[in-house]
Amino acid sequence: MITLEQKIENAIRSVIPNQEFTPLSEPSFKGKEWSYVKDCLDSTFVSSVGKYVEQFEENLAEYTGVKRAIAVVNGTAALHIALKIAGVVENDEVLIPSLTFVATANAVSYCNAIAHFVDCDEQTLGIDPFKLTEYLNEIALLKNGHCINKNTGRRIKAVVPMHTFGHSVNMDPLLEVCKLYKIELVEDAAESLGTRYKGRHTGSFGKAAALSFNGNKIITTGGGGAILTNDDKLADYAKHITTTAKVPHSWEYTHDEIGYNYRLPNINAAIGCAQLEQLPIFLEKRRHITEKYLAAFRKIEEVRLFVEPSFSKSNYWLQTILLESSFENKRDDLLSHLNNTGLMARPVWKALHQLEMYKDCPRMDLSVVEKLGSRIINIPSSF
């Protein structure tokens, strides 16, 4: 009798070419990467000043439909500065999903603020705006134009929806609760370049947003990230403080506040320009893989392939299967089997409220997050 582990292995191998080791998501360099990098090297402008940084920022802004993009060294730095320019300060609370990569909470901590964990929706894997609304109705009040947590007395300044594995959060009701409670929206769009919510690109809805271009993302600059915003003044400020807050001058070094050495090097931006040119191809191939996986998993009753919600067109960055609840105890057996047979697979991140450094942070009921943690498995997603 064929085991569940073998069924899933066979389904994956029917989609992904057979090879000794298959990673979750690997970069593809089949465009002008070599040409642009050589041009960058020949110019000798390989650090944070150069034409490719400017071009990459302009191309990102145009593609995502925002006014400005500021390229930085990684997605965590982007989120840190996005929170800072949105007005998050020491002792503020920031609402974030407990089901997210640790960088989301770390960026809050870099602002000396406090992560406040909220639950997720199984249909999106991101923040559940309806459950959040009910929760805020219980614990929050408006005072002098600010949202105050009645239990802690602290200001709830922002909410950070993270578009999990490239699938958009349900943004309209989230925007409504932000408006109702005077909470700033800062999107963690690290995983969702190319994803659209009702035709509008993720990362374009709030005060600011963060993208990531890590080596495993939909496009890569090796390491890198970007801040997106529709506010020119905030964009100028973000660019200033990520360039060590140096006051422009032809030769003198004057810095007018504590800044950050966060700007993306030109050589990385050269790779990014070439990658962004190929993004439509990458997105098409990811959707093709999804169609093949849907067919492959259709007859396996114990699991289902996670697909985009009806209001979103996803980039399908990481393919995801969900174990049915009665089979959640099989997760670790499946992970061991797949990895031992050369198919890289991983569970979702450990829920952040379960990590030692965040265990005492405020939280709402997180029952959905806790159930999803034992059911989610990412499987090979490259083409």
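See the structure shown above.
These notes cover the structure that comes with them. Numbering of residues starts from 1 in every chain and runs along the sequence as written. Owing to the predicted nature of the model, reporting of local features is limited to residues with pLDDT of at least 70; listing and counting of side-chain atom pairs is limited to 80 or more, with chain, interface and lining totals taken over all residues. Side-chain metrics in this entry use all non-hydrogen atoms of the structure; hydrogen atoms and water are not considered.

Turning to the overall build of the protein, a few remarks are in order. A tally of regular secondary structure across the protein gives twelve helices and 16 strands. What the globule rule says is 2.2 Å times the number of residues to the power 0.38, and the radius of gyration is computed from C-alpha atoms. Against the 2.2 N^0.38 benchmark of 21 Å for 383 residues, the protein shows a C-alpha radius of gyration of 21 Å, consistent with a compact globule. Once the C-alpha set of the protein is aligned to its principal axes, its extents read approximately 75 × 60 × 35 Å. Residues counted as buried form 55% of the 383 residues belonging to the protein. By the criteria applied, helices consist of DSSP H or I runs no shorter than four residues and strands consist of E runs no shorter than two, each listed in order from the N terminus. We call a residue buried when its accessible area falls under 20% of the maximum for its residue type, exposed when it is over 50%, and partly exposed in between, using a 1.4 Å probe and counting protein chains only.

So, about the sheet that holds strand 2 (residues 93–97). By way of backbone hydrogen bonds, the strands of a sheet pair with one another, either parallel or antiparallel. In this description, strands pair whenever DSSP reports at least two bridges between them. Taken in spatial order, the seven strands of this open sheet run 1-11-10-7-6-2-3, and their pairing is mixed. Strands at the two margins of the open sheet, each flanked by one partner only, are strand 1 (68–72) and strand 3 (114–118). Strand-to-strand, the axes of this sheet are offset by a mean angle of 25 degrees, without reference to chain direction. We call two residues contacting when some pair of their heavy atoms lies within 4.5 Å. Geometry is summarised by axes, namely lines fitted to C-alpha atoms with helices restricted to the contacting stretch, and by angles between N-to-C directions that run from 0 to 180 degrees. Its contacts with the sheet place helix 5 (residues 102–110) against strand 2, strand 3 and strand 7 (184–188), and it is angled at close to 175 degrees to strand 2. Of the strands in this sheet, strand 6 (156–159) and strand 7 are in contact with helix 7 (residues 171–181), which crosses strand 7 at around 145 degrees.

The salt bridge definition used is simple: a Lys or Arg side-chain nitrogen within 4 Å of an Asp or Glu carboxyl oxygen. Under the definition given, this model contains 20 salt bridges. Close ionic contact of Glu9 with Arg13 constitutes a salt bridge, the shortest N to O distance being 3.1 Å. Highlighted residues: Glu9 and Arg13, both in helix 1 (residues 4–13), separated by four residues, approximately one helical turn. With a relative accessible area of 14%, Glu9 lands in the buried category.

This brings us to the side chain of Gln278. Residue position: Gln278 is located in the loop between helix 9 (266–277) and helix 10 (279–297). Those residues in contact with Gln278 that sit more than four places away from it in its chain are Lys30, Gly31 and Glu33.

Locating Thr221 in the fold gives a position in the loop between strand 10 (208–212) and strand 11 (225–229). Exposure remark for Thr221: the relative accessible area of 0% places this residue in the buried category. Sequence-distant contacts of Thr221, defined by excluding residues within four places in its chain, comprise Phe56, Phe213, Leu264, Asn268, Ile271 and Gly272.

Our next topic: helix 6 (residues 129–139). Taken residue by residue, helix 6 has Pro129, Lys131, Leu132, Tyr135, Leu136 and Ile139 as its buried positions. For helix 6, the angular spread of the buried residues around the axis is 155 degrees, confining them to a single face. In helix 6, the exposed positions angled more than 90 degrees off the buried face are occupied by Phe130, Glu134 and Glu138. Definition of a polar contact: a pair of N or O atoms within 3.5 Å, with one able to donate and the other able to accept a hydrogen when the atoms are protein atoms, and with sequence-neighbouring residues admitted only if both atoms are side-chain atoms. The N-cap of helix 6, judged by a side-chain oxygen 3.0 Å from the amide nitrogen of Phe130 a few residues on, is Asp128. Directions pointing from the helix axis toward each C-beta atom define the arc.

We now examine the pairing of strand 7. The buried count for strand 7 comes to four of five residues, which makes it a mostly enclosed element. Bridging between strand 6 and strand 7 involves two bridges; their strand directions are parallel. For Val159, the partnering residue across the bridge sits in strand 7 and is Leu185. The parallel pair strand 6 and strand 7 is bridged by helix 7, and the resulting crossover is right-handed. The handedness of a crossover follows from its direction of travel: if, with the strands pointing away from the viewer, the path from the first strand over the helix to the second runs clockwise, the crossover is right-handed.

On to the pairing of strand 3, then. The element strand 3 is extensively covered by neighbouring structure, given that five of its five residues are classed as buried. Of the two faces of strand 3, both are covered, the one formed by Ile114, His116 and Val118 as well as the one formed by Ala115 and Phe117. Sheet topology note: the strand 2/strand 3 ladder contains five bridges and is parallel. Across the sheet, the residue bridging to Pro97 is Val118, located in strand 3. Read from strand 2 through helix 5 to strand 3, the crossover connection turns out right-handed.

Within the element layout of this structure, Ile70 appears in strand 1. According to the relative accessible area criterion, Ile70 is buried, its value standing at 1%. In sequence terms Ile70 and Leu283 are 213 residues apart; their C-alpha atoms lie 23 Å from each other. With residues up to four places along the chain from it excluded, the contact list for Ile70 reads Glu57, Gly225, Ala226, Ile227, Thr229, Ala235, Ala238, Lys239, Thr242 and Arg263.

Our working definition of a disulfide is a cysteine sulfur pair at a distance within 2.5 Å. Scanning the model with the defined rule gives zero disulfides in all. Cys40 takes part in no disulfide bond, and the closest cysteine sulfur to it belongs to Cys273, at a distance of 9.9 Å. Under the relative-accessibility criterion, Cys40 is labelled buried at 0%. Unpaired in this structure, Cys178 has its nearest cysteine sulfur neighbour in Cys147, at a distance of 9.7 Å.

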